[in-house]
Amino acid sequence: MPIITLTTDFGQKDPSTGAVKGAILSELDAVTIVDISHQVSPFHTTEAAYIIQNAYNSFPKGTIHIIGVDSEITPENKHIALALDGHFFICANNGIMSMIASEIKPEKIVEINIHDAVETNFPVLDIFVKVACHIARGGTLEVIGKTIPQIKQLKEFEPFINQDQNQLVGHIMYIDNYGNVVTNVSKKLFENIGKGRDFTITARSVSFSKIHDSYSDAINFDAPKEKREEDGKKLAIFNASNYIELAIYKSNPRTVGSAASLFGLKLMDSITIKFT
Amino acid sequence: MPIITLTTDFGQKDPSTGAVKGAILSELDAVTIVDISHQVSPFHTTEAAYIIQNAYNSFPKGTIHIIGVDSEITPENKHIALALDGHFFICANNGIMSMIASEIKPEKIVEINIHDAVETNFPVLDIFVKVACHIARGGTLEVIGKTIPQIKQLKEFEPFINQDQNQLVGHIMYIDNYGNVVTNVSKKLFENIGKGRDFTITARSVSFSKIHDSYSDAINFDAPKEKREEDGKKLAIFNASNYIELAIYKSNPRTVGSAASLFGLKLMDSITIKFT
Amino acid sequence: MPIITLTTDFGQKDPSTGAVKGAILSELDAVTIVDISHQVSPFHTTEAAYIIQNAYNSFPKGTIHIIGVDSEITPENKHIALALDGHFFICANNGIMSMIASEIKPEKIVEINIHDAVETNFPVLDIFVKVACHIARGGTLEVIGKTIPQIKQLKEFEPFINQDQNQLVGHIMYIDNYGNVVTNVSKKLFENIGKGRDFTITARSVSFSKIHDSYSDAINFDAPKEKREEDGKKLAIFNASNYIELAIYKSNPRTVGSAASLFGLKLMDSITIKFT
């Protein structure tokens, strides 16, 4: 049974998501539709890029991922379909896929050209669903588009490294449901540059000199519970996606606050790592 | 495989939605359950009407739609099931279906009368699920209710037209995830009354003299990017549901603001269209 | 087809939920995955307990319930799997299951011990999914854990009863989507202690001397509509889960206010019932 996932900025109130699912079910008798997220901030391509990057590859090979963020077609924002890492992606060519594609070379990229027959101001419904169902039925990308050599790049994903290779400047690329802030510095990059040296991570007024492998790794469970300083404990970890994340142990953004609120950090704020 | 959709004001935190899905899966071995929306504002029948109207007909014929908004049974709020446009709808007789039914005559309407055997304060779980599963198994409406000739009307859907046929007063009936405001003036009505004349749409202090066919249609892509005035550009379009919508190009209600916040427009605010 | 439900505090924006579903679909060809809730307040075990208790048993016997709240493994927070009431539950041993287990004795409890082979800071993805799929394929609990005699108890579920058996002190354990406040006093306990006596329920400055069986039961539909005092009417009912709930008739927390906001009640606030 083919699997089609949805990642959009439609929210969960509007009829859009329901309409898209209905259209898929009208074309395919047997299909599994999975919501990845409909809460991408409106038109926020970097958020969408982070979310799809960290969800897609737990799905089976052959899964078809529709990304409906900033997807209206314009002279500068064409629609594309990609085969990459054994998965299929359908989205606008607005940089969303450049985060994944910077690490894994796409097997094929086509610019979708079935539009001549379709006039629409709801391209996810009228174009992306058609392309997804075509792929789900075993159709090839060549039938629905013409091959192009590469996709648009989003530059903001790249951390900056100084010439002496002892300083790395990244930024906050995502704030999660717990208010923890995810940087764009991957474990791989950190280790390649750091080479085991001591380091200090600084973001506004907080700093860290250790990166944990898990949240609870920061807590000393040998100490009796009342002496443990769990509450509000700040820590840096390599998160489940292997990026450096600045966190508060068991935070709740709606009550006691979170890393984002307590450290005063926002999306795109910079973080600096100095190796010594 | 039968398809059952859910449109409710249950929100997405409470156990209600899960319980309803469990009850359906307990009755039917093979069924596809699709969430249309659980974020209808509590008891807001017009929002529910707009959402179901704009999602239902992308589903295949034969789909069963449960609408769980203001569904507690009272002497004035009976439960009904409808066959309409090849689809089935189960809801309270509180006007929710009058928006769809004003355009497409129901094939059959029954007032559900299986209640004598059921005492409940969760009718969606205890009544609507039973009716939906009955229909999914191929059962007829006559078995679960008695035919009635018509449903309750919600008056607020109708725009007002003056005698000279040169002025049309509608209102805001929905505010979407991007903060764009959707009026109750359909493209069809607009064209029937306007007959190609010039016009001005006014809502509070904003006005428009052109309606675009898509968001990007309002942007001049021949101009270089820095001269384009995309940001915050206001526009009127016929939206994906073919209603007049007042929008801000690429708005984000949580950051830069939206049509609703920037124009100061709320649900039920009126808009006026003058033809000249 | 096996059914796996998800109850987490992941929210609906992050990639976590999508990743978990992808992992399940990678292991099982045919499976129905149902979201119960991803909006549990971060690390809030009592909310999770209430939600799972009131959703699980409408599902068919044999359903597998994953509860991903406060699930990081620590020396004090082991992972468990339970067979209870014909269902399976997979969660951390942090008290979440004690609300259900206080009423229905688990048939089997195991402490999961497949961790030696898995290093993870995303245990729902890396441990719970594996255990769920093992059970879905017909595997036994003994294969993935060692039997333990009992689970950790959450004390806060128990209302207090005075020696004279004429006073009962409970608290608010959940606030629902309509802002109605659910107490931890069950209909069964209320009737066992009250034995039909008159009573007064007091919470802050509001009090009630009657408990309705449904919301509309509080409205006199014989009176003409304009004299009915529906708006803002306060009432106590036995809710769909058979707990005492303090409510406002047709409230909307985002506009006119709700029981929680109008009565000034918060989670864990106490309520007192005096029998006379």
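Residues numbered from 1 in each chain as written. Chains lettered and ligands numbered in written order. Predicted model: local features only at pLDDT ≥ 70, side-chain atom pairs only at ≥ 80, totals over all residues. Heavy atoms only, no water.

## Overview of the overall build of chain A
At step 1: On a plain count of helices and strands, chain A comes out with seven helices and 16 strands.
At step 2: On the principal axes, the C-alpha backbone points of chain A span a range of 65 × 45 × 30 Å.
At step 3: Taking all 276 residues of chain A together, the buried fraction comes to 60%.
At step 4: Taking the contacts inside chain A whose residues are at least 6 apart along the sequence as the reference set, 69% of them involve residues at least 24 apart.
At step 5: By element, 48% of the accessible surface of chain A is carried by carbon and sulfur atoms, the whole surface being about 11500 Å².
At step 6: In chain A, the 26 positive side-chain charges and the 32 negative ones have mean positions that sit 5 Å from each other. (Helix = DSSP H or I, 4+ residues; strand = E, 2+ residues; numbered from the N terminus. Buried < 20%, exposed > 50% of the residue type's maximum accessible area, 1.4 Å probe, protein only. Contact = heavy atoms within 4.5 Å. Areas by Shrake-Rupley, 256 points an atom, 1.4 Å probe, with all protein chains shown as cover. Lys, Arg positive; Asp, Glu negative; His and termini not counted. Charge placed at Lys NZ, Arg CZ, Asp CG, Glu CD.)

## Some words on the side chain of Glu72(C)
At step 1: With respect to the secondary-structure elements, Glu72(C) resides in the loop between strand S3 (64-68) and strand S4 (79-84).
At step 2: Put simply, Glu72(C) is tucked away with no salt bridge, and the nearest opposite charge, on Lys250(A), sits 7.4 Å away.
At step 3: Once residues within four sequence positions are removed from consideration, Glu72(C) is found in contact with Ser214(A), Tyr215(A), Ser216(A), Tyr249(A), Asn77(C), His79(C) and Pro123(C). (Salt bridge = Lys/Arg side-chain N within 4 Å of Asp/Glu carboxyl O.)

## Overview of the packing of helix H1 (residues 16-27) of chain B against helix H4 (residues 123-136) of chain B
Geometrically, a packed helix pair is captured by the angle between its two axes and the distance between the axes.
All names here are of chain B.
At step 1: In contact at an axis separation of 10 Å, H1 and H4 are set at 35° when each is read in the N-to-C sense. For the pair H1 and H4, the sense of crossing is right-handed. Together, Ala19, Val20, Ala23, Ile24 and Glu27 of H1 and Val124, Leu125, Val129, Lys130 and Cys133 of H4 make up the contact between the two elements.
At step 2: When grouped by side-chain class, the residues that make up the contact of H1 with H4 number eight nonpolar, no polar and two charged. (Axes fitted to C-alpha atoms, helices over the stretch in contact; angles between N-to-C directions. Left-handed = near helix turned anticlockwise from the far one by under 90°. Nonpolar A, V, L, I, M, F, W, Y, C, P; charged D, E, K, R; others polar.)

## Things to note about the relation of the copies chain C and chain A
What connects the two chain copies is a rotation about an axis and a shift along it.
At step 1: The transform that puts chain C on chain A rotates by 120° and translates by 0.0 Å along the axis, for an RMSD of 0.0 Å. Both chain copies can therefore be described as sitting about a three-fold axis.
At step 2: Here only 8% of the contact residues of chain C are again contact residues in chain A; the copies associate through non-equivalent surfaces. (Least-squares fit on C-alpha atoms with pLDDT ≥ 70 in both.)

## Looking at the interface of chain C and chain A
Where interface size is given, it is often the accessible area lost as the parts come together that is meant.
At step 1: Taken residue by residue, the interface counts 25 residues in chain C and 40 residues in chain A.
At step 2: Taken together, the two surfaces of chain C and chain A that pack against each other cover about 2600 Å², and 54% of this comes from carbon and sulfur.
At step 3: When the buried area of chain C at its contact with chain A is split by residue, Lys13(C), Pro15(C) and Asn121(C) rank highest and sum to 24% of it.
At step 4: Inspection of the chain C/chain A interface yields two salt bridges.
At step 5: With its nearest N and O atoms 2.9 Å apart, the salt bridge here joins Lys250(A) to Asp70(C).
At step 6: Our enumeration of links across chain C and chain A arrives at 16 residue pairs in polar contact (both at pLDDT 80 or more).
At step 7: Residues of the side of chain C that touches chain A, tallied by class, amount to ten nonpolar, eight polar and seven charged. (Buried area = accessible area lost by both parts, 1.4 Å probe. Polar contact = N/O pair within 3.5 Å; in protein donor to acceptor, adjacent residues only side chain to side chain.)

## Points about helix H6 (residues 187-194) of chain C
All names here are of chain C.
At step 1: Residues of H6 that are buried include every one of Phe190, Ile193 and Gly194, and no others. Angularly, the buried residues of H6 cover 90° about the axis, an arc narrow enough to put them on a single face.
At step 2: Lys195, located one to two residues past H6, shows a positive phi value of around 50°. (Arc of directions from axis to C-beta.)

## A short note on the domain arrangement of chain A
Residue and element names in this part refer to chain A.
At step 1: According to the domain assignment, chain A consists of domain 1 (3-155) and domain 2 (158-275).
At step 2: Between the C-alpha centres of domain 1 and domain 2 the distance comes to 32 Å.
At step 3: Taken residue by residue, the interface counts nine residues in domain 1 and eight residues in domain 2.
At step 4: Both faces considered, domain 1 and domain 2 share a buried interface measuring about 730 Å² in area, 58% of it formed by carbon and sulfur atoms.
At step 5: By the criterion of area lost to domain 2, the three top residues of domain 1 are Glu47, Tyr50 and Lys155, representing 53% of everything that side buries.
At step 6: One can count zero salt bridges joining domain 1 with domain 2.
At step 7: Linking domain 1 to domain 2 there are three residue pairs in polar contact (both at pLDDT 80 or more).
At step 8: With five residues, the single largest contributor to the side of domain 1 that touches domain 2 is helix H2 (residues 45-55).
At step 9: Per-class residue counts for the side of domain 1 that touches domain 2 are three nonpolar, three polar and three charged. (Domains from an automatic or database assignment.)

## Looking at the interface of chain B and chain C
At step 1: Contacts between the two partners involve 25 residues from chain B and, on the opposite side, 40 residues from chain C.
At step 2: When the buried surface of chain B facing chain C is broken down by residue, Lys13(B), Pro15(B) and Asn121(B) rank first, second and third, together holding 24% of it.
At step 3: Where chain B packs against chain C, one counts two salt bridges.
At step 4: A salt bridge links Glu47(C) to Lys13(B), with the shortest nitrogen-to-oxygen separation between them at 2.9 Å.
At step 5: There are 16 residue pairs in polar contact (both at pLDDT 80 or more) connecting chain B and chain C.

## A short note on the relation of the copies chain B and chain C
At step 1: Superposing chain B onto chain C takes a rotation of 120° combined with a translation of 0.0 Å along the rotation axis, leaving an RMSD of 0.0 Å.
At step 2: The two copies present different faces, since only 8% of the interface residues in chain B are matched by interface residues at the equivalent positions in chain C.

## A short note on the packing of aromatic side chains
All names here are of chain A.
At step 1: Enumeration according to the criterion identifies 27 aromatic pairs over all chains in this entry.
At step 2: For the ring pair Phe190 and Phe199, a centre distance of 4.9 Å and an interplane angle of 85° mean the geometry is edge-to-face.
At step 3: Aromatic rings pair up to connect Phe190, Phe199, Phe238 and Phe275 into one cluster.
At step 4: The ring of Phe208 has Lys234 lying over it, and the distance from NZ or CZ to the ring centre is 4.6 Å. (Phe/Tyr/Trp six-rings, centres within 6.5 Å; stacked < 30°, edge-to-face > 60°. Lys NZ or Arg CZ within 6 Å of the ring centre and 35° of its normal.)

## Section: the state of the cysteines
Residue and element names in this part refer to chain A.
At step 1: A full pass over the atoms with the stated rule returns zero disulfides over all chains.
At step 2: Cys133 supplies the cysteine sulfur nearest to Cys91, a cysteine that is in no disulfide, at a spacing of 17 Å.
At step 3: Residue classification places Cys91 among the buried positions, given a relative accessible area of 0%. (Disulfide = S-S within 2.5 Å.)

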